[in-house]
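What follows is the residue order along each chain.
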Amino acid sequence: MKTRKVVLLFYLLFSSILGNSQEKELKEKILNIRQEILNLEKEKLAKKYYQLGYYYKKDNNIDSAYKYFDASKKEYEALGDSIKIAEKLFSLAKIESEIELFFKSDSTAIKALKYLGNNKGKYSLTTSLYNTLGINANSKENYKNAIYWYTKAMEFAKDSIKKYRYESNIANNYISLKEYKSAIKIYENLLLSLEPYTDNSIGLNLKAKALDNYNYARLLNGDEVNEDDFLKTQKLKKQTKDFRALASNYFYLYVYYEKMNIPDTAQKYAYLMYDLASKYEMPKYIILGIDKILLSSKPTKLQKLALERIKLQDSITVSKRKLRNKFATYMYSYEEEKKQKLEARAKLAESNLSLEQQKSQKQLLWFVVIFTILSSIVYFFYKREKNKKEKAIEVYNTETRLAKKIHDELANDVYAVMNTLYNTSTTDARLLTRIEEIYAQTRNISHENSPILTGEHFEDFLKQLFIDFTSDHCKVIHKGLLEVNINQLAKEKQIVVYRVLQELLVNMKKYSEATLVLVTFSVEKNKLSVAYQDNGKGVENLSVKNGLQNMEIRIKSVGGFITFESKQEKGFKAKFQFKK
């Protein structure tokens with residue numbers, strides 16, 4: 001089909017050349033047809049990349065699958081095909097979710113939704129994207145957000161079975177929130193809705209899961225539930241060979257017998273869950289089975305320690321995950337709200353403009369005069385801010401250039417002298433020691449003024465600075481860095497933040513004898529605030545000079561201010577602030 005289209009395009013090309021005497025029109029037609037041919041090749045390449053990604057995914061070669069899905073997306077970006085871009089972003093978001101990069105997956109899925117624009121209802125992809133966001137939120141134990149995203153998925157779903165799946169997911173999240181009555185109500189309605197679909201395996205599977213979860217919610221709610229209630233669904237799950245659902249059934253029976261205070265039978269189901277999960281490679285249920293076997297066994301000192309370790313490790317893992325993903329799922333809603341506000345402002349401005357056009361010529365003249373004055377003021381401030389930015393970048397470039405020069409020329413020359421002295425038998429040991437000190441100083445100066453990685457990786461680069469200054473004698477900790485979204489700062493402001501904190505930490509290492517440093521980040525009224533505090537020896541009479549003065553100059557270059565505070569034996573404090 002593609003070959004025919006190419007032949008047809010060439011035919012049109014030559015036909016237009018033969019049949020049209022106007023040179024300009026001919027050239028335009030030639031260019032247009034050549035561009036169409038190029039687009040055909042790009043589209044063909046994009047499809048092949050996607051096919052490679054698809055088969056690598058089926059082969060469980062995740063790295064290669066991700067690489068080719070991304071390559072396919074880039075080709076469609078060149079073509080400007082927003083729907084295809086959204087489809088490839090969905091493929092990437094699914095992989096990111098599967099390898100537990102939930103923050104990245106949220107961001108990718110939200111980006112895909114933006115590409116769908118105002119036509120989300122036309123595409124089944126919309127439902128899948130909302131479902132992915134629901135899965136991510138559930139995995140992060142953010143159950144309220146999961147309910148929100150699954151509800152959005154239901155809103156756009158056209159397939160009844162899909163709707164019932166999302167409804168079941170919502171009920172499961174209500175169980176996690178311990179809102180059992182809400183879950184029970186959903187399951188009751190769901191079981192009635194599923195009756196017409198139980199003549200096929202998909203509907204039967206879904207009914208078995210819903211019934212099992214319904215009984216489990218009732219059990220947790222304190223309602224009267226019998227063993228037979230779970231055994232009936234167990235039979236259905238064995239019939240349909242839904243082994244993951246069967247593992248959850250064994251878990252529910254474990255909980256049932258634990259509540260009935262029959263530990264031996266509870267342990268029997270823990271072993272059944274573990275054996276089934278091991279046979280069919282289900283890591284989640286293997287871990288759950290081991291945990292429940294340990295809990296239902298006779299306690300020993302070793303078992304208590306194992307359980308304590310598991311609980312602590314889980315707590316640390318969940319805490320880190322929640323911190324990393326705190327604001328991810330709100331991004332899309334925020335962008336939508338911002339877009340609506342901008343549209344409302346645009347309409348208001350248009351209405352005001354219509355009224356202004358009806359005013360007299362004199363009023364219009366005054367408006368032009370005032371506008372010119374305001375424009376001049378705005379331009380003045382813009383120019384001043386631009387000069388500040390350029391000055392900050394110039395300082396950074398100069399520092400980097402000097403650091404390179406020190407490293408490439410001075411440090412290397414000193415190192416060469418050191419080698420010569422080492423190979424001379426009569427060298428004065430004190431002279432050699434002094435030269436080693438000079439070499440170390442030049443190396444440190446070069447390191448302190450080395451290039452800074454700005455942009456989307458700046459947060460990680462800044463964290464590395466804190467790690468570099470952490471030692472056995474001094475611990476550097478930070479707070480609030482994730483929340484301030486520091487990767488979004490302008491390049492010159494990222495450079496200033498890094499250099500000021502670097503100078504504070506260098507001073508701390510040289511003079512303060514501190515054992516603990518705390519760096520706190522926060523945003524107050526769209527202003528980034530950074531507070532530094534250590535428990536070093538401090539100084540009695542603090543004077544702003546040398547290093548401190550350099551910090552003041554840096555902060556002022558981005559329109560901010562910095563304050564210092566120190567007392568003898570009471571540590572050193574600094575705080576700086578500027579607009580984001």
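Treat the numbers as computed from the prediction; the structure is a model and nothing was measured. (Residues numbered from 1 in each chain as written. Predicted model: local features only at pLDDT ≥ 70, side-chain atom pairs only at ≥ 80, totals over all residues. Heavy atoms only, no water.)

**So, the packing of helix H4 (residues 82-98) against helix H5 (residues 102-116)**
Consideration 1: In the contact formed by H4 and H5, the axes pass within 8 Å of each other and the chain directions differ by 165°. For the element pair H4 / H5, the angle class is roughly antiparallel. As for how H4 packs across H5, the hand of that crossing is left-handed. Together, Ser82, Ile83, Ile85, Ala86, Leu89, Leu92, Ala93, Glu96 and Ser97 of H4 and Phe102, Lys104, Ser105, Thr108, Ala109, Lys111, Ala112, Tyr115 and Leu116 of H5 make up the contact between the two elements.
Consideration 2: Class assignment for the residues of the contact of H4 with H5 results in 11 nonpolar, four polar and three charged. (Axes fitted to C-alpha atoms, helices over the stretch in contact; angles between N-to-C directions. Helix = DSSP H or I, 4+ residues; strand = E, 2+ residues; numbered from the N terminus. Parallel < 35°, antiparallel > 145°, perpendicular 65-115°, else oblique. Left-handed = near helix turned anticlockwise from the far one by under 90°. Contact = heavy atoms within 4.5 Å. Nonpolar A, V, L, I, M, F, W, Y, C, P; charged D, E, K, R; others polar.)

**Topic: unusual backbone geometry**
Consideration 1: In this structure, Glu281 takes a positive phi of about 55° despite not being glycine.
Consideration 2: Assignment of secondary structure puts Glu281 in the loop between helix H13 (263-279) and helix H14 (283-296).
Consideration 3: One non-glycine residue, Lys525, lies in positive phi territory at about 50°.
Consideration 4: Looking at the element boundaries, Lys525 is found in the loop between strand S2 (516-524) and strand S3 (527-534).
Consideration 5: By relative accessible area, which is 83% here, Lys525 ends up exposed. (Buried < 20%, exposed > 50% of the residue type's maximum accessible area, 1.4 Å probe, protein only.)

**Brief notes about the sheet that holds S2**
Consideration 1: One open sheet holds the five strands; their spatial order is S1-S2-S3-S5-S4, and the pairing between them is mixed. Strand pairing shows two members of the sheet lacking a second neighbour, strand S1 (475-479) and strand S4 (561-566), which therefore form its edges. Averaged over all neighbouring strand pairs, the angle between strand axes comes to 10°, with direction disregarded.
Consideration 2: Examined bridge by bridge, S3 and strand S5 (residues 572-579) share eight bridges and lie antiparallel to one another. The partner of Lys527 across the bridge, within S5, is Lys579. (Pairing = 2+ DSSP bridges.)

**A word on helix H3 (residues 62-79)**
Consideration 1: With 18 residues, H3 extends 26 Å between its outermost C-alpha atoms, agreeing within 8% with the 26 Å of an ideal straight helix rising 1.5 Å per residue.
Consideration 2: Residue Gly80 follows H3 closely and has a positive phi angle near 75°. (Expected span 1.5 Å × (residues − 1).)

**Some points on a nonpolar patch on the surface**
Consideration 1: The grouping of Leu365, Trp366, Val369, Ile370, Ile373, Leu374 and Ile377 at the surface amounts to a nonpolar patch, some 690 Å² of accessible area in total.
Consideration 2: Topologically, Ile377 is positioned in helix H17 (residues 361-422).
Consideration 3: Ile377 sits in the partly exposed class, given a relative accessible area of 40%. (Patch = residues over 30% accessible without salt bridge, like charges linked within 9 Å, V, L, I, M, F, W, Y side chains within 5 Å. Areas by Shrake-Rupley, 256 points an atom, 1.4 Å probe, with all protein chains shown as cover. Salt bridge = Lys/Arg side-chain N within 4 Å of Asp/Glu carboxyl O.)

**Thoughts on the nonpolar core**
Consideration 1: Core analysis: the biggest nonpolar cluster contains 69 residues, and Leu129, Tyr187, Tyr216 and Phe230 have the highest contact counts within it.
Consideration 2: If you tally residues by element for this core, the top one is helix H12 (residues 243-259), at 10 residues.
Consideration 3: Among all residues touching Tyr187, those that are not within four sequence positions of it are Ser168, Ala171, Asn172, Ile175, Ala210, Asn213 and Tyr214.
Consideration 4: Counting 39 residues, the second-largest nonpolar core is a separate cluster that includes Cys474, Ile486, Tyr498 and Met551. (Core = buried A, V, L, I, M, F, W, Y, C linked by side-chain atoms within 4.5 Å.)

**Focus on the packing of aromatic side chains**
Consideration 1: Applying the stated criterion across every chain yields a total of 20 aromatic pairs.
Consideration 2: Geometrically, the ring pair formed by Tyr54 and Tyr55 is edge-to-face, given 5.2 Å between the ring centres and 80° between the ring planes.
Consideration 3: Of the aromatic side chains, those joined through ring pairs into one cluster are Tyr216, Phe230, Tyr250, Phe251, Tyr252, Tyr256, Tyr257 and Tyr269. (Phe/Tyr/Trp six-rings, centres within 6.5 Å; stacked < 30°, edge-to-face > 60°.)

**Thoughts on the packing of helix H6 (residues 124-139) against helix H8 (residues 160-176)**
Consideration 1: It is the contact of H6 with H8, at a shortest axis distance of 12 Å, that shows an interaxial angle of 20°. Classified by the interaxial angle, the pair formed by H6 and H8 is roughly parallel. At the point where H6 passes H8, the crossing takes the left-handed sense. Mapping the contact onto sequence places Thr127, Ser128, Asn131 and Asn138 in H6 and Lys162, Tyr166, Asn169 and Asn173 in H8.

**Some details on the environment of Lys114**
Consideration 1: Tracing the sequence through the fold places Lys114 in helix H5.
Consideration 2: Note: C-alpha distance between Lys114 and Ser82 (32 residues apart in sequence) is 9.3 Å.

**Overview of the pairing of S5**
Consideration 1: In the sheet, S4 pairs with S5 via six bridges, with the strands oriented antiparallel. Within S5, the residue paired with Thr563 across the bridge is Lys575.

**Topic: the side chain of Asn249**
Consideration 1: Relative to the helices and strands, Asn249 resides in helix H12.
Consideration 2: Polar contacts involving the side chain of Asn249 include one to the side chain of Thr233, which spans 3.2 Å. (Polar contact = N/O pair within 3.5 Å; in protein donor to acceptor, adjacent residues only side chain to side chain.)

**Observations regarding the environment of Gln577**
Consideration 1: Residue placement: Gln577 occurs in strand S5.
Consideration 2: You can call Gln577 buried: its relative accessible area is 12%.
Consideration 3: Sequence separation of Gln577 and Lys556 is 21 residues, and the distance between their C-alpha atoms is 9.8 Å.
Consideration 4: Only 3.3 Å separates the side chain of Gln577 from the side chain of Glu524, close enough to count as a polar contact.

**Regarding the pattern of salt bridges**
Consideration 1: Enumeration according to the criterion identifies 16 salt bridges in this entry.
Consideration 2: Among the salt bridges present, the one from Lys237 reaches Asp212, with a minimum N-O distance of 2.5 Å. Here Lys237 is found in helix H11 (residues 227-240), whereas its partner Asp212 is found in helix H10 (residues 201-221), with 25 residues between them in sequence. One exposure class covers both Lys237 and Asp212, and it is buried.
Consideration 3: The network of salt bridges with shared partners includes Asp70, Lys73, Lys74 and Glu77.

**With respect to the environment of Lys479**
Consideration 1: For Lys479, the location among the structural elements is in strand S1.
Consideration 2: Once the C-alpha coordinates of Lys479 and Thr520 are considered, the two residues, 41 residues apart in sequence, prove to be 4.8 Å apart.
Consideration 3: Once you skip the residues sitting within four places of it in the chain, Lys479 turns out to touch Leu518, Val519, Thr520 and Phe521.

**With respect to helix H20 (residues 491-512)**
Consideration 1: When the terminal C-alpha atoms of H20 are compared, their 31 Å separation across 22 residues agrees well with the 32 Å that a helix rising 1.5 Å per residue should span.
Consideration 2: Looking one or two places after H20, you find Glu513, whose phi comes out positive at around 60°.

**Comments concerning the confidence of the model for the protein**
Consideration 1: Looking at the protein as a whole, its pLDDT mean stands at 80, while 69% of the residues score no less than 70.
Consideration 2: Mean pLDDT values for the elements of the protein range from 48 in helix H1 (residues 2-19) up to 96 in S3.
Consideration 3: Note on residues 327-332: pLDDT is under 50 here. Beyond four places in sequence and across chains, it has 16 contacts. (pLDDT = per-residue confidence, 0-100.)

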